[in-house]
Amino acid sequence: MENKEANEIILENNLILKSLEDKRVFVEALLNPPAPNEKLKRAQLNHLKFIEANDTKSTEIRKSPH
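Residue numbers run consecutively from 1 along every chain, following the written order of its sequence. Only residues with pLDDT of at least 70 get local features here, since the model is predicted, and only at 80 or more are side-chain atom pairs given and counted; chain-wide, interface and lining totals rely on the full set of residues. Here the side-chain values reflect all heavy atoms present in the structure, with hydrogen atoms and water set aside.

K.L.:
Quick question: what am I supposed to make of the overall build of the protein chain here?
P.N.:
Summing up its helical and strand segments, the protein chain has three helices and zero strands in all. When the helices and strands of the protein chain are read in sequence order from the N terminus, they spell out α-α-α. Each residue is assigned to one of three classes by its accessible area relative to the maximum for its type, calculated with a 1.4 Å probe on protein chains only: buried under 20%, partly exposed between the two thresholds, exposed over 50%. Buried residues in the protein chain amount to 2% of all 66 residues. Exposure was quantified through the Shrake-Rupley algorithm and a 1.4 Å probe, taking into account, for residues, occlusion by the shown protein chains and nothing else. Element-wise, carbon and sulfur atoms account for 62% of the exposed surface of the protein chain, whose accessible area totals about 6,500 Å². Strands are runs of DSSP state E lasting at least two residues, helices are runs of H or I lasting at least four, and both sets are numbered from the N terminus onward.

Right, here's the structure in full:
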C-alpha cells in the first residue's frame, strides 16, 4: 500500500513540476523564502483581524444562555 501511495505522490509531483528547473525553483523557494512584501503583510493583518472578529463572535455565542 505504501509503495502505491509513494508512486502516486511521485506522479503528481511530476505533473506539477515538469522540468528540473521547476523543481529547483520550488526547492529554492522552500529553503530560502523571500521576505514578505507589503501586500502579504497587509493580507496577514486582515486575516488576524478576521480571526479575532470571528473568535469574539463565537465566544459571545458560547456565553449566551440558550
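Once the structure has been displayed, the description carries forward.
K.L.:
Just to check I follow, could you spell out a nonpolar patch on the surface for this structure?
P.N.:
In this scheme, patches are assembled from residues that exceed 30% relative accessible area and form no salt bridge. Like charges are connected within 9 Å, while nonpolar side chains (Val, Leu, Ile, Met, Phe, Trp, Tyr) are connected within 5 Å. Salt bridges, as used here, are contacts in which a Lys or Arg side-chain nitrogen is within 4 Å of a carboxyl oxygen on Asp or Glu. Side chains of F26, V27, L30 and L31 sit close together on the surface and give an oily, nonpolar patch of about 420 Å² of accessible area. On the secondary structure map, F26 appears in helix α2 (residues 20-31). Taking relative accessible area as the criterion, F26 reaches 42% and is therefore assigned partly exposed.

K.L.:
What is the right way to read a negative patch on the surface from this model?
P.N.:
The charge count includes Lys and Arg as positive and Asp and Glu as negative, but it does not include His or the ends of the chains. To locate a charge, take NZ of a lysine, CZ of an arginine, CG of an aspartate or CD of a glutamate. Side chains of E2, E5, E8 and E12 sit close together on the surface and give a patch of like negative charge. For E8, the position within the fold is in helix α1 (residues 2-16).

K.L.:
Can you walk me through the environment of N13 in this structure?
P.N.:
If you trace the backbone, N13 turns up in helix α1. Sequence-wise, N13 and K23 are 10 residues apart; in three dimensions their C-alpha atoms are separated by 9.1 Å.

K.L.:
Sorry if this is basic, but what is going on with the confidence of the model for the protein chain here?
P.N.:
Note: pLDDT gives the predictor's confidence per residue, expressed from 0 to 100. Looking at the protein chain as a whole, the pLDDT averages 83, with 83% of positions reaching at least 70. When pLDDT is averaged over each element of the protein chain, α2 comes out on top at 90 and α1 at the bottom at 82.

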